[in-house]
Amino acid sequence: MLQDEFYSLSELMEPGGAVNSPGDALGQTPAHMAAHWGQAFFLLWQLRTGVDINQQDFFGETLIHKAARAGSLQCLSVLVAHDARLDVCNNDGLTAEALALSGGFEECVKFLASVKHTQDTFSGVRSSMQDLKETAGIKRGQCNRPAAYGKRRQSDGFL
């Protein structure tokens, strides 16, 4: 069975195939297969050729779902480093973190939870920074005085 799967993967790599075109009846690209089998180096190569990292297959699973289902911390790391979305749910409503949990891959669950927490924290900080910029812009915009208002020139005799 394992050889059949790798044979399918080699068929998917045949010249002339577009990197994002579904290679099989389930809508899985070569990158989906690489993530499913924990092939981090092949996955990295695929990402560098322009693979859509968040493309969903017939089951609604992205590359990160496949890597989590396989318990491949290496593939998860590659995908997170390339900005894979962690919030995508498959057709069963499960995220990659939930799939890793159901598979008993504790290290993968901890990794994904940590990354999600970090992303949420930075997202909150970015949102707060944007709010501050907008507030500062409103305050500046409300001021109708010229920029030189309140400043004294040399000719005023005040130095």
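Quick look at the structure, then.

### Concerning the packing of helix H3 (residues 40-48) against helix H5 (residues 73-81)
The N-to-C vectors of H3 and H5 enclose an angle of 20°; their axes lie 9 Å apart at closest approach. In terms of axis orientation, H3 runs roughly parallel to H5. Considering the relative orientation of H3 and H5, their crossing is right-handed. Contact with H3, carried on its side by Ala40, Leu43, Leu44 and Leu47, involves Gln74, Cys75, Val78 and Leu79 of H5 and no other residues of that element. Partitioning the contact of H3 with H5 into residue classes produces seven nonpolar, one polar and no charged.

### Brief notes about the pattern of salt bridges
Overall, the coordinates contain five salt bridges when judged by the stated rule. Of the charged contacts in the structure, one is a salt bridge between Asp57 and Lys66, with a shortest N-O distance of 2.7 Å. Side by side, Asp57 and Lys66 carry an identical accessibility label, which is buried. Among the ionic pairs, Asp120 bridges to Lys116, the shortest N-O distance being 3.1 Å.

About the cut-offs
Residues numbered from 1 in each chain as written. Predicted model: local features only at pLDDT ≥ 70, side-chain atom pairs only at ≥ 80, totals over all residues. Heavy atoms only, no water. Axes fitted to C-alpha atoms, helices over the stretch in contact; angles between N-to-C directions. Helix = DSSP H or I, 4+ residues; strand = E, 2+ residues; numbered from the N terminus. Parallel < 35°, antiparallel > 145°, perpendicular 65-115°, else oblique. Left-handed = near helix turned anticlockwise from the far one by under 90°. Contact = heavy atoms within 4.5 Å. Nonpolar A, V, L, I, M, F, W, Y, C, P; charged D, E, K, R; others polar. Salt bridge = Lys/Arg side-chain N within 4 Å of Asp/Glu carboxyl O. Buried < 20%, exposed > 50% of the residue type's maximum accessible area, 1.4 Å probe, protein only.

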